[in-house]
Amino acid sequence: MTQLTALISVSDKTGIVEFAQALHALKVRLLSTGGTAKLLADAGLPVTEVAEHTGFPEMLDGRVKTLHPKIHGGLLARRDLPEHVAAIDKHGIDTIDILAVNLYPFEATVAKPGCTLEDAIENIDIGGPAMVRSAAKNWKDVTVLTDASQYAQVLEELKTAGKTSDKTRFACSVAAFNRIAQYDAAISNYLSAINEDGTHNAFPAQMNSSFVKVQDLRYGENSHQSAALYRDLFPAPGSLVTGKQLQGKELSYNNIADADAAWECVKSFDVPACVIVKHANPCGVAVGVDAAESYAKAFKTDPTSAFGGIIAFNRVVDKAAAELVVKQFVEVLMAPGFTAEALAIFAPKVNVRLMQIDLPAGGTTPWQQGRNAQDSKRVGSGILIQSADNHFLKREDLKIVTKLQPTAQQLDDLMFAWTVAQYVKSNAIVFCANGMTMGVGAGQMSRLDSARIASIKAEHASLSLKGTAVASDAFFPFRDGLDVLADAGATSVIQPGGSMRDDEVIKAADERGIAMVLTGVRHFRH
């Protein structure tokens, strides 16, 4: 059998020495460049420098080293075509059978604070992508490796069969072209975001996005639609797609959409919290001393809508919480963890989907960790992109505009209501009291209708709205909305302000004995 040749040139040296040692043990000839060659030689491996192999030195500060016919001819020559074999024989070109290349760390470089355009340009790899493309194109003859996670599989096949399988080579080729596409997209995004004055635009002139398929779904929003779930290349820590399903049926399209709404909402609370979502809207949200209490309070808001809902906790689900939740019909249950007792309680409910999602790491504002920086929405043949609604309201940001000052308890409830309203479809009206939603009105064309619906929900759940705090996701265009809240029993209101009739609304609040605070920020959610 002809001796195999491997060319190794990596920026990320993870596992490369061990990989090269294993190749050498299999009698594979080693070629390498620059720092990689030195690393392998220092490890005692017989390695031939590319410059020696090509007879042409590296030049231009390493910009030119593998751009040579002896490299690309060795990668691109088809072994099954006599004319290709004759051509490389004529020019003394040896075939290259394995290529291990990962690229200059462009993405990591531009992510660093203070990265200059010159830093970015110097971390644009030229020779690496060229070799990867050559090897990937000729996948029937060449195995191309672009990530250390691929080394073990290739070594196993070389040990057992003396070569890699067609399946493996093709998979490696696809992975290689994917990596090149991601790399070029990152470069394009960065460079096309540079303004004429050298500053960076948050929205580049060309947006290139890359996503990895997580799974095909049974169907989409409706049964006649097909669907699949994709994730970002580098998902935010603590986001839904980083979770692990512990039991239950496969998640549906609607399950995933609702689960994301519930999970993002529950992450907003630092204290134990529970969020119940139905059709993308929170129908019950509460905080408590533990998971069990927060669930019991959230469920009281709207037991009817909670049936078949999505439930999220920001604390480990223990036996006490599980014993409560298992009594209702739940589609998906999410939490940072489940105790062994809780898992045992849900085990007989084989269709209940249990999702374990690690919360993001802490910080000064833990809830802001693990958030996407941008949101997007398809519109016809276009796409709307915006910075995500990650605004964090602080108490000192509130502006009290009424004669009546809110009490400390009212301020607590107003802040809680405001947090919930951020995750309710507009127009949103949320009644709260004592860390618990009392009535939620969502997605109506009229804010008045949302307020009325919230009142009806509370009545159906036998909850009194007397003394409640209310959040409105946008301003009141007229005083009639404020009057509806007062008639329902509210005694404090939080809203953005900014209406031409703010004075009229504030006057109405004073007349009705309501304490009102303004945030200066709205939370439309469509």
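Cut-offs applied
Residues numbered from 1 in each chain as written. Predicted model: local features only at pLDDT ≥ 70, side-chain atom pairs only at ≥ 80, totals over all residues. Heavy atoms only, no water. Helix = DSSP H or I, 4+ residues; strand = E, 2+ residues; numbered from the N terminus. Rg over C-alpha atoms; globule rule 2.2 N^0.38 Å. Buried < 20%, exposed > 50% of the residue type's maximum accessible area, 1.4 Å probe, protein only. pLDDT = per-residue confidence, 0-100. Contact = heavy atoms within 4.5 Å. Pairing = 2+ DSSP bridges. Axes fitted to C-alpha atoms, helices over the stretch in contact; angles between N-to-C directions. Phe/Tyr/Trp six-rings, centres within 6.5 Å; stacked < 30°, edge-to-face > 60°. Core = buried A, V, L, I, M, F, W, Y, C linked by side-chain atoms within 4.5 Å. Salt bridge = Lys/Arg side-chain N within 4 Å of Asp/Glu carboxyl O.

1. Some details on the overall build of the chain
- Secondary structure assignment for the chain yields 19 helices and 21 strands.
- Here the C-alpha atoms of the chain give a radius of gyration of 30 Å, more than 25% beyond the 24 Å that 2.2 N^0.38 yields for 526 residues.
- Along the longest, intermediate and shortest principal axes, the C-alpha atoms of the chain span 95 × 60 × 45 Å.
- Residues counted as buried form 47% of the 526 residues belonging to the chain.

2. Things to note about the confidence of the model for the chain
- The predicted model of the chain averages 90 in pLDDT, with 98% of residues at 70 or higher.
- The low-confidence segment residues 363-367, where pLDDT is below 50, has 10 contacts with residues more than four positions distant or belonging to other chains.

3. Concerning the sheet that holds strand β10 (residues 281-287)
- As summarised here, the arrangement of the 6 strands in space is β8-β13-β12-β11-β9-β10, forming an open sheet in which the pairing is mixed. Two strands lie at the open edges of the sheet, namely β8 (244-247) and β10, each paired on one side alone. Neighbour-to-neighbour, the strand axes of the sheet open up by a mean angle of 20°, direction not taken into account.
- Taken together, the 3 bridges between β8 and strand β13 (residues 353-356) define a ladder with antiparallel strand orientation. If you follow Q247 over to β13, its bridge partner there is L354.

4. Brief notes about unusual backbone geometry
- Across the junction of S426 and N427, the peptide omega takes the value -5°, indicating a cis bond.
- With respect to the secondary-structure elements, N427 resides in the loop between α16 (408-421) and β17 (429-432).
- With phi around 65°, K27 is a residue other than glycine that occupies positive phi space.
- You can see K27 is positioned in the loop between α1 (16-25) and β2 (29-32).
- Even without a glycine there, the phi angle at A280 is positive, about 75°.
- Take A280: it is sitting in the loop between β9 (273-278) and β10.

5. Points about the environment of I506
- By secondary structure assignment, the location of I506 is in helix α19 (residues 502-512).
- Judged by relative accessible area, I506 falls into the buried class, the value being 14%.
- Placed 111 residues apart in sequence, I506 and R395 show a C-alpha to C-alpha distance of 20 Å.
- In contact with I506, other than residues within four places in its own chain, are V401, T402 and M516.

6. Remarks on the packing of aromatic side chains
- Under the defined criterion, the tally for this structure stands at 8 aromatic pairs.
- Taking 5.8 Å as the distance between ring centres and 85° as the angle between the ring planes, the aromatic pair formed by F106 and Y190 counts as edge-to-face. Separated by 84 residues along the polypeptide, F106 in helix α6 (residues 106-111) and Y190 in helix α10 (residues 166-191) bring together distant segments of the chain. The residues F106 and Y190 share a single accessibility class, namely buried.
- Taken together, the aromatic side chains of F106, Y183 and Y190 make up a single cluster linked through ring pairs.

7. A look at the nonpolar core
- Among the nonpolar cores identified, the biggest contains 51 residues, and I311, F313, F431 and L485 are the most heavily contacted of them.
- Other than its neighbours up to four places away in sequence, F313 contacts W263, V266, A273, C274, A291, S294, Y295, V325, L333, M334, A335 and P336.
- Within the second largest apolar cluster, 46 residues are counted, among which are I98, I124, A135 and V144.

8. Describing the pairing of β9
- Within β9, 5 of the 6 residues are buried, which leaves it mostly tucked inside the rest of the structure.
- Here 6 bridges tie β9 to β10, and the two strands are oriented antiparallel to one another. If you follow V275 over to β10, its bridge partner there is V285.
- Taking the residues that link successive antiparallel strands as the turn, the β9-β10 hairpin has 2 residues, and the phi of H279 there is positive, at about 50°.
- Sheet topology places β9 next to strand β11 (residues 309-313); 4 bridges connect them, and they run antiparallel. Opposite C274, over in β11, you have F313 as the bridge partner.

9. A closer look at the pattern of salt bridges
- One pass over the full model with this rule turns up 17 salt bridges.
- Across the pair K213 and D216 runs a salt bridge, and its minimum N-O distance is 3.1 Å.
- Looking at K213, the relative accessible area reads 43%, which means it is partly exposed.
- The residue E511 makes a salt bridge to R479 at a minimum N-O spacing of 3.0 Å. One end of the pair, E511, is in helix α19; the other, R479, is in helix α18 (residues 479-488), with 32 residues separating them in the sequence.
- We classify E511 as partly exposed; its relative accessible area is 48%.
- Since its relative accessible area comes to 25%, R479 is described here as partly exposed.
- Each of R479, D483, D487, E511 and R512 takes part in salt bridges that share partners, so that together they form one network.

10. What to know about the sheet that holds β2
- Across the sheet, 5 strands lie side by side as β3-β2-β1-β4-β5; this open sheet has parallel pairing. Two strands lie at the open edges of the sheet, namely β3 (47-49) and β5 (143-145), each paired on one side alone. Taken pair by pair, the neighbouring strands of this sheet meet at an average axis angle of 20°, ignoring direction.
- Here β2 runs beside β3; their pairing, made up of 3 bridges, is parallel. Its bridge partner being in β3, S32 is matched across the sheet by E49.
- Packing against the sheet, helix α2 (residues 34-42) makes contact with β1 (5-10), β2 and β3, and its axis sits at approximately 155° to β3.
- Running over the sheet, helix α8 (residues 127-137) touches β1, β4 (98-102) and β5 and is turned about 145° from β4.

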